[in-house]
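Below are the chains, spelled out letter by letter.
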Amino acid sequence: MSLSTTNPTTNKERAAASTKTPATIRLLVADVDGTLVTHEKVLTERARDAVAKMRSAGIQFAMTSGRPPRGMEMLIAPLALTTPIAAFNGGMFVKPDLSVIEQRVLQADVIEPAMETMRKHGLDTWIYRGTDWFVHERHGPHVDREEWTVKFPPTVVSNFNGLTNDVAKLVGVSDDLKAVCECEAAVREQFAAKVHTRQTNPQRETLVSAARSQPYYLDVTHPEANKGYVVTRLSEMLRIPTEQIATIGDMPNDMTMFEKSGISIAMGQASEEVKSAATYTTTSSEEEGFAKAVEDWVLRNE
């Protein structure tokens, strides 16, 4: 993996003259993979210290990920988390003891059509349902690495019959990154339009949220299960205005939370698409980008 040599920079310098001074930050919401932890899934000592410094300054910290709750359990104690944890990109909120606060699952009738679209684009499919993870191939593309990441094994099934109810997340997987990107657009288009013609002003109802959580993963979740919703829901739960929330991430699915927060920070290895959506860019996850962002923009606003 090549390392970014990007220095922390302001992405919106052109608009600086018209931008108001950010409100005091009272909450930082962080993506996990490639943000809070390194490419090798290491939570560095400096990252832990950064969270501790925020706590001492009265700034709360929360994390959100496409991972299932069990896949974030190993981070809870080292970070002394007390805030709700947003798993499945906001499809499920749990307490630090992993008890469920609330969850949003996909409509059963979208699963098969979405899987068919994934198949047409050459993507393998996984299902996350409750606390279980289902795959077709025990050692299919990225299965072993995902198991190492989330710290529990998948259940191997020959088909997904009987498993299409109460699905928290459907994942399309491929190392053909162009195909994953094209499938993302296709799934969004496929489910973008349920038109309510009985209303005076017809409205479109989006049936799913579809976004890449990694270049090789396409996450399909409930329409409210996106990281933008995570920001607004945590704002309600913790009674913190969204303008006093900072967000940090590295992938396209983090852009929705950038839109909802007072300030947003892209990791140094993020694509230009992601960086352009953020207020600031820090260094990469391999160069302590998370800790540097906390020091440069979160604690300075304290």
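So, here is what we can say about the structure in this document. (Residues numbered from 1 in each chain as written. Predicted model: local features only at pLDDT ≥ 70, side-chain atom pairs only at ≥ 80, totals over all residues. Heavy atoms only, no water.)

**Description of the packing of aromatic side chains**
Thinking step 1. What the rule picks out here adds up to nine aromatic pairs.
Thinking step 2. Aromatic side chains Phe88 and Tyr128 sit 5.6 Å apart centroid to centroid with 50 degrees between the ring planes, which places their arrangement in the tilted category. Of the two residues, Phe88 is situated in the loop between β4 (85-87) and β5 (92-94) and Tyr128 in strand β7 (residues 124-129); the sequence distance between them amounts to 40 residues. The residues Phe88 and Tyr128 share a single accessibility class, namely buried.
Thinking step 3. Their ring planes at 10 degrees and their centres at 4.5 Å tell us that Tyr280 and Trp297 sit as a pair that is stacked. In this pair, Tyr280 sits in strand β17 (residues 280-281) while Trp297 sits in helix α9 (residues 289-298), placing the two residues 17 residues apart along the sequence. (Phe/Tyr/Trp six-rings, centres within 6.5 Å; stacked < 30°, edge-to-face > 60°. Helix = DSSP H or I, 4+ residues; strand = E, 2+ residues; numbered from the N terminus. Buried < 20%, exposed > 50% of the residue type's maximum accessible area, 1.4 Å probe, protein only.)

**Observations regarding the sheet that holds strand β8 (residues 132-135)**
Whenever strands of a sheet pair, they do so through backbone hydrogen bonds, lying parallel or antiparallel.
Thinking step 1. Ordered by their spatial adjacency, six strands build an open sheet running β9-β8-β7-β10-β14-β13, and the pairing between neighbours is mixed. Edge positions in the open sheet fall to β9 (155-156) and β13 (209-214), since each of these has one partner strand only.
Thinking step 2. As judged from the five bridges shared by β13 and strand β14 (residues 217-221), these two strands associate in the antiparallel manner. The partner of Ser209 across the bridge, within β14, is Thr221.
Thinking step 3. Set on the sheet, helix α3 (residues 108-120) makes contact with β7, β10 (167-173) and β14; between it and β10 the angle comes to about 10 degrees.
Thinking step 4. Most of the contacts of helix α4 (residues 143-150) go to β8, to which it runs at about 175 degrees, and overall it touches β7, β8 and β14. (Pairing = 2+ DSSP bridges. Contact = heavy atoms within 4.5 Å. Axes fitted to C-alpha atoms, helices over the stretch in contact; angles between N-to-C directions.)

**Looking at the pattern of salt bridges**
Thinking step 1. A complete count under the given rule lists 18 salt bridges for this structure.
Thinking step 2. A salt bridge links Asp254 to Lys227, with the shortest nitrogen-to-oxygen separation between them at 2.7 Å. Of this pair, Asp254 sits in the loop between β15 (245-249) and α7 (255-260) while Lys227 sits in helix α6 (residues 227-238), and the two are 27 residues apart along the sequence.
Thinking step 3. For Asp254, a relative accessible area of 0% translates into the label buried.
Thinking step 4. For Lys227, a relative accessible area of 1% gives the class buried.
Thinking step 5. Here Glu272 makes a salt bridge to Lys275, at a shortest N to O gap of 3.8 Å. (Salt bridge = Lys/Arg side-chain N within 4 Å of Asp/Glu carboxyl O.)

**Some points on α3**
Thinking step 1. For α3, the set of buried residues is Val110, Ile111, Ala114, Met115, Thr117 and Met118. Seen end-on, α3 carries its buried residues on one side only, within an arc spanning 160 degrees. For α3, the exposed residues set more than 90 degrees away from the buried face come down to Asp109 and Lys120.
Thinking step 2. Where α3 is buried, its residues touch β7, β10, α5 (177-190) and β14. (Arc of directions from axis to C-beta.)

**Here we look at the packing of helix α1 (residues 45-56) against α9**
Thinking step 1. Relative orientation of the contacting elements α1 and α9 amounts to 30 degrees, with a least axis distance of 8 Å. Accordingly, the angle class assigned to the pair α1 and α9 is roughly parallel. Judged by the twist between their axes, the crossing of α1 over α9 is left-handed. For the pair formed by α1 and α9, the contact residues are Arg46, Ala47, Ala50, Val51, Lys53 and Met54 on the first element and Phe290, Ala291, Lys292, Val294, Glu295 and Val298 on the second.
Thinking step 2. For the contact of α1 with α9, the per-class residue count stands at eight nonpolar, no polar and four charged. (Parallel < 35°, antiparallel > 145°, perpendicular 65-115°, else oblique. Left-handed = near helix turned anticlockwise from the far one by under 90°. Nonpolar A, V, L, I, M, F, W, Y, C, P; charged D, E, K, R; others polar.)

**Focus: the packing of α3 against α5**
Describing two packed helices takes the angle between their axes plus the distance from one axis to the other.
Thinking step 1. Direction vectors running N to C along α3 and α5 enclose 150 degrees, while the axes themselves pass 10 Å from each other. In terms of orientation, α3 lies roughly antiparallel with respect to α5. When the axes of α3 and α5 are compared, the crossing they make is right-handed. Of the residues in α5, those in contact with Pro113, Ala114, Thr117 and Met118 of α3 are Cys183, Ala186, Val187 and Gln190.
Thinking step 2. Looking at the contact of α3 with α5 residue by residue, the classes come out as six nonpolar, two polar and no charged.

**Description of the environment of Glu288**
Thinking step 1. Along the chain, the position of Glu288 falls in the loop between β17 and α9.
Thinking step 2. Put simply, Glu288 and Arg46 are 242 residues apart on the chain and 7.3 Å apart in space, counted from C-alpha to C-alpha.
Thinking step 3. Discounting chain neighbours no more than four positions away, the residues touching Glu288 are Thr44, Arg46, Ala47 and Thr283.
Thinking step 4. Polar contacts involving the side chain of Glu288 include one to the side chain of Thr44, which spans 2.9 Å. (Polar contact = N/O pair within 3.5 Å; in protein donor to acceptor, adjacent residues only side chain to side chain.)

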